[in-house]
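What the coordinates show
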Amino acid sequence: MKIAVSGKGGVGKTTLSAFLARWFAEHGKSVLAIDADPDANLGYALGIADAAAITPLSQMKALIAERTESVPGSFGGFFKMNPRVDDLPEKVAVPCGPGLRLMVMGGVKKGGTGCVCPESVLLKNLVHHLILRRDEVVVMDMEAGIEHLGRGTSKAVHALIIVVEPGRRSIETALKVQQLAADIGIANVYVVGNKIRNDKDQAFLRSSLNGFAFLGFIPYDESLIEADCAGVFADLIKDSTRKALETIAENLTRQQTMPA
C-alpha cells in the first residue's frame, strides 16, 4: 500500500503519518516512512531522539552529483534525468523500530519561477521508484501541496489522506489538495478530521466537505500536542484517541486491497 498524507500546516498530518507507519509495522508489514515535507518533523513524531541530525536527501550534495552526473553548486549545464535510485532506501533510510525505516527528503530551494535542478530530479525519480517499484508499505508525510507526486506515479498511490481540522483555512486547503489530486489522476482521496471537540465540529467538517470519504475523526487531545512539543511519538494518549486512530487505520485497510 502506498499512502500520501497531506493537509494545512499544524492540522496533525505528521502525527497521523507516524501512527499509520507504526501501526502497519506492528501488524507485520515492512514500512518505509517518507518525510516529504520541507519542514521535516516526521522523525520526531516517530520517536527518533536525534531526528534533527538526519541529513535530508536534498542536502546530500556529493550523492546528488554522483547520481545525476552534475557539478555541486553549479547552475545550468547538463545532468542525468534518470539517475539510479533503487539502492537509496537501503543506503540512507534510518531504522526506527522493527519493520520500520525513515527517509527524509528535504526541500529544494528554487529562485524566480523555479527550475529543473539535480536535487528535484533525484527526488522525483526516487518517489517514482518508491511508489511503483517497492513492495512494502510506503507512508509519505507531504506538505500542503503534493508536488512530489506526478502523473507517472499518481495511479499507483492507493490513498491520499487529507487531514483537516474545524476551520475555514483547513477546509480551503483540503479543497485545493483535492483539485491537485484530480489533476494528476489520484483516484482514492480520503479525509481525516482532527482536533474534534464535539459533534458540532464533526458535523461542520462533513457539511463543508460534502462528498468526501471520511476515514474517521480524532478527538482533541492535549497529549498529542504535548508529544509534538516534546518531539516524541504520541504514545501516552487517551484511550478514545488511540481507538480513533486505530479505527482510521482499519478503515483505510478495508478500503484498499493490499498488493500481493
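So, here's what we can say about the structure. Here the structure is a predicted model, which is why all the values come from computation and not from measurement.

As for its position among the elements, threonine 173 is in helix H7 (residues 168-184). By relative accessible area, threonine 173 is classed as buried at 15%. With sequence-adjacent residues up to four places away left out, threonine 173 is seen in contact with Gly7, Lys8 and Ala144.

Before going further, it helps to spend a moment on the packing of aromatic side chains. The description of an aromatic ring pair uses the distance of the two centres, along with the angle that the planes make with each other. Inspection of every chain in the model, using the stated rule, returns 2 aromatic pairs. Geometrically, the ring pair formed by tryptophan 23 and phenylalanine 24 is edge-to-face, given 5.2 Å between the ring centres and 85° between the ring planes. The class of tryptophan 23 is buried, set by a relative accessible area of 10%. Summarising the aromatic geometry, the rings of phenylalanine 214 and phenylalanine 217 are spaced 5.1 Å apart at their centres and angled 15° between planes, so their arrangement reads as stacked. Judged on exposure class, the residue phenylalanine 214 and its partner phenylalanine 217 are both buried. In this structure, arginine 206 is placed above the aromatic ring of phenylalanine 214, and the distance from its NZ or CZ to the ring centre is 5.1 Å.

Our focus in this paragraph is the nonpolar core. With 43 residues, the main nonpolar core has Ile34, Leu57, Met105, Met140, Ile146 and Leu149 as its most contacted residues. Counting residues per element, this core draws most heavily on helix H5 (residues 118-132), which supplies 6 residues. Discounting chain neighbours no more than four positions away, the residues touching methionine 140 are Ile3, Ala4, Val5, Ser17, Ile34, Ala36, Val127, Ile131 and Leu149. One finds Ala33, Ala159, Ile161 and Tyr190 within the second-largest nonpolar core, a separate group that totals 42 residues.

An order of E3-E4-E2-E5-E1-E6-E7-E8 is seen for the 8 strands of this open sheet, with the pairing classed as mixed. Whereas interior strands pair on both sides, the edge strands pair on one side only; in this sheet they are strand E3 (94-95) and strand E8 (213-219). Relative to strand E5 (residues 137-141), strand E2 (residues 31-35) is paired through 5 bridges, and the arrangement is parallel. Note that in E5 the partner of isoleucine 34 across the bridge is methionine 140. The strands touched by helix H10 (residues 239-255) within the sheet are strand E1 (2-6), strand E6 (159-164), strand E7 (189-196) and E8, with E8 carrying the most contacts at an inclination of about 165°.

Basis of the calculations
- Residues numbered from 1 in each chain as written.
- Predicted model: local features only at pLDDT ≥ 70, side-chain atom pairs only at ≥ 80, totals over all residues.
- Heavy atoms only, no water.
- Helix = DSSP H or I, 4+ residues; strand = E, 2+ residues; numbered from the N terminus.
- Buried < 20%, exposed > 50% of the residue type's maximum accessible area, 1.4 Å probe, protein only.
- Contact = heavy atoms within 4.5 Å.
- Phe/Tyr/Trp six-rings, centres within 6.5 Å; stacked < 30°, edge-to-face > 60°.
- Lys NZ or Arg CZ within 6 Å of the ring centre and 35° of its normal.
- Core = buried A, V, L, I, M, F, W, Y, C linked by side-chain atoms within 4.5 Å.
- Pairing = 2+ DSSP bridges.
- Axes fitted to C-alpha atoms, helices over the stretch in contact; angles between N-to-C directions.

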